[in-house]
Amino acid sequence: MQAKSFDRERALITKRDNKRPYGAKVTFQILHSESIGGLENVTLFLESGAIATVRPAASASWEGGRRYQATIEGYGTATSAEQEGLRFAQAMLIAAISLNFGLRLNYHAQEPAVVFERFRSDGATMSAEGVVGWTQSTVLSEILDSCKYAVLDRTLILSMELYCAAFLELNERARFVTVVSALEPLAKQQDLGQEVSKFVDGAILSLKAATGIDESLHNSLRGRLNQLRQESVRQALLRLSTVWFPERSDVRQLIDHAYALRSQLLHEGALHNSDIDIGAETGRISNVLRSIYEKATGRSFRFPVNV
């Protein structure tokens with residue numbers, strides 16, 4: 001978009017022209033305001049011509065950290081506002097990964113952005129209730145650069161969201177489980193082929209002929225047999241690790257090890273080896289994920305990736 005188009009768009013927005021009646025709000029939480037350079041009541045001029053304003057938002061005392069709301073204005077349709085709100089939420093996730101701080105998107109519906117009509121009153125409202133940081137110029141540069149990306153694959157966005165949110169977990173085990181879970185949306189499961197499918201068909205026929213099995217259990221077994229047509233999530237991750245990190249069998253082993261540890265925690269409540277440093281394991285798989293995100297977005301993150 002050329003300069004004249006920028007000026008025209010911003011003129012329509014700032015003079016509250018009815019041609020741009022829609023906006024989107026993205027609410028997010030971070031642990032420390034220093035992570036985003038203490039940005040409060042800051043206005044960003046986006047490349048699209050839209051205007052985004054970041055302000056502090058109310059949060060309950062028990063939540064911890066700081067909550068902010070970004071308001072992005074203005075759009076001609078509710079659909080475009082929702083799409084651009086998603087793009088801004090994605091930009092915040094990419095910036096958080098690049099600068100290496102935790103961030104949690106706060107949802108009000110199925111999407112991270114809430115669409116609103118700019119000229120409709122909200123009515124009266126009431127509410128009660130030593131960190132490494134970045135300069136404001138650095139944070140603004142990261143956000144604005146990240147806003148230039150088209151909306152990425154939704155599974156990739158979900159993975160980034162889980163990853164960023166994990167670092168707002170104060171419990172080490174919860175943080176580890178969430179970080180490893182961020183791998184799952186990236187697993188594109190493939191069919192295991194015709195021979196496996198034939199085997200499953202035969203097993204389902206045998207199940208159908210069996211007697212004395214409760215109907216609800218029968219349906220459950222049928223569903224589990226059908227799942228055998230595709231590789232498991234773990235198998236898919238191991239296969240994809242050779243695509244993400246060719247000739248790096250150590251990374252493949254690291255992913256497999258982390259996934260096995262997560263399974264132990266989820267299914268048994270504790271690790272078999274109590275001497276395992278869960279914090280170190282989180283750090284190792286975090287580096288793998290940041291490297292994947294760096295490749296997927298085609299950019300170099302400001303905080304170095306070490307895989």
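Residues numbered from 1 in each chain as written. Predicted model: local features only at pLDDT ≥ 70, side-chain atom pairs only at ≥ 80, totals over all residues. Heavy atoms only, no water.

### Considering the packing of aromatic side chains
Put simply, the rule is: By convention, a stacked pair of Phe, Tyr or Trp rings (six-membered ring in the case of Trp) has centres within 6.5 Å and planes under 30 degrees apart, an edge-to-face pair has planes over 60 apart, and any other such pair is tilted. By definition, any uninterrupted DSSP run of H or I lasting at least four residues is a helix, any uninterrupted run of E lasting at least two residues is a strand, and each is numbered from the N terminus. To sort residues, take the accessible area from a 1.4 Å probe on protein chains only and compare it with the maximum for the residue type: under 20% means buried, over 50% means exposed, and anything in between is partly exposed. Any Lys NZ or Arg CZ found within 6 Å of a ring centre and within 35 degrees of that ring's normal is scored as a charge over the ring.
Enumeration according to the criterion identifies three aromatic pairs in this entry. Ring centres of Phe28 and Tyr68 lie 5.8 Å apart, and the angle between their planes is 20°; on these two criteria the pair is classed as stacked. One end of the pair, Phe28, is in strand β1 (residues 22-30); the other, Tyr68, is in strand β4 (residues 66-75), and 40 residues separate them in sequence. For the pair shown, Phe28 and Tyr68 are each scored as buried. Ring centres 5.8 Å apart and planes at 70° place the aromatic pair Tyr163 and Tyr293 in the edge-to-face group. Taken together, the positions of Tyr163 in helix α4 (residues 154-166) and Tyr293 in helix α10 (residues 278-297) put the pair 130 residues apart, joining distant regions of the chain. In this arrangement the basic side chain of Arg262 is found over the ring face of Tyr259, its NZ or CZ atom lying 4.8 Å from the centre.

### A closer look at the confidence of the model for the protein
We apply this condition: The pLDDT value tells you how sure the predictor is about a given residue, anywhere from 0 up to 100. By definition, residues are in contact when any of their heavy atoms lie within 4.5 Å.
For the protein, the mean per-residue pLDDT works out to 85, and 87% of the residues sit at or above 70. Put simply, helix α1 (residues 3-14) is where the protein has its lowest mean pLDDT, 57, and α4 is where it has its highest, 95. Low pLDDT, under 50, characterises residues 124-130; the predicted model gives this stretch five contacts beyond four residues in sequence or across chains.

### Focus on helix α8 (residues 233-244)
Inclusion rule: Expected span of a helix, by definition, is 1.5 Å for each gap between consecutive residues, and there is one gap fewer than residues.
Here α8 is twelve residues long and its end C-alpha atoms lie 16 Å apart, about the 16 Å a rise of 1.5 Å per residue gives. Restricting attention to buried positions, one finds in α8 the residues Ala236, Leu237, Leu238, Leu240, Ser241 and Trp244. Contacts made by the buried residues of α8 are with α9 (249-268) and α10.

### Some words on the pairing of strand β3 (residues 51-56)
Here is the rule: Whether two strands pair comes down to DSSP finding at least two bridges between them.
Across four bridges, the pairing between strand β2 (residues 42-45) and β3 is antiparallel. Among the inter-strand pairings, Val42 is bridged to a residue of β3, identified as Val54. For β3 and β4, the ladder comprises six bridges, and the chain directions are antiparallel. The partner of Arg55 across the bridge, within β4, is Gln69.

### Focus: the packing of α8 against α9
Using the following cut-off: Under this scheme, a helix contributes an axis fitted over its contacting stretch, all axes are lines through C-alpha atoms, and angles between N-to-C directions fall in the 0 to 180 degree range. By definition in this entry, angles of less than 35 degrees are roughly parallel, angles greater than 145 are roughly antiparallel, angles of 65 to 115 are roughly perpendicular, and the rest are oblique. Take the far helix as your reference; a near helix turned counterclockwise from it by less than a right angle gives a left-handed crossing, and one turned clockwise gives a right-handed crossing. Basically, the charged four are Asp, Glu, Lys and Arg, the nonpolar ten are Ala, Val, Leu, Ile, Met, Phe, Trp, Tyr, Cys and Pro, and anything else, Gly included, counts as polar.
Contact geometry for α8 and α9: axes closest at 9 Å, N-to-C directions at 160°. Taken together, α8 and α9 sit at an angle that is classed as roughly antiparallel. As for how α8 packs across α9, the hand of that crossing is right-handed. Touching Val233, Arg234, Leu237, Leu238, Ser241 and Thr242 of α8 are Arg252, Ile255, Asp256, Tyr259 and Ala260, all from α9. Across the contact of α8 with α9, the residue classes tally to six nonpolar, two polar and three charged.

### Here's the deal with the packing of helix α5 (residues 172-181) against α10
Between α5 and α10, the shortest axis-to-axis distance is 9 Å and the interhelical angle comes to 25°. Comparing the axis directions of α5 and α10 gives the class roughly parallel. Crossing of α5 against α10: the hand is left-handed. On α10, the residues touching Glu172, Arg175, Phe176, Val179 and Val180 of α5 are Ile278, Gly279, Glu281, Thr282, Ile285, Ser286 and Leu289. When its residues are assigned to classes, the contact of α5 with α10 shows six nonpolar, three polar and three charged.

### Digging into the pattern of salt bridges
Side-chain pairing between opposite charges can occur once the charged atoms of the two side chains come close. Convention followed: The term salt bridge refers to a side-chain nitrogen of Lys or Arg lying within 4 Å of a carboxyl oxygen of Asp or Glu.
Tallied over the entire structure, the rule returns 13 salt bridges. For Arg302, the salt bridge goes to Glu142, with nearest N and O atoms at 2.9 Å. On the criterion of sequence distance, the pair formed by Arg302 in the segment after α10 and Glu142 in helix α3 (residues 136-146) is long-range, its members being 160 residues apart. For Glu142, a relative accessible area of 3% corresponds to the buried category. Note that Asp145 is salt-bridged to Lys148, the shortest N-O span being 3.7 Å.

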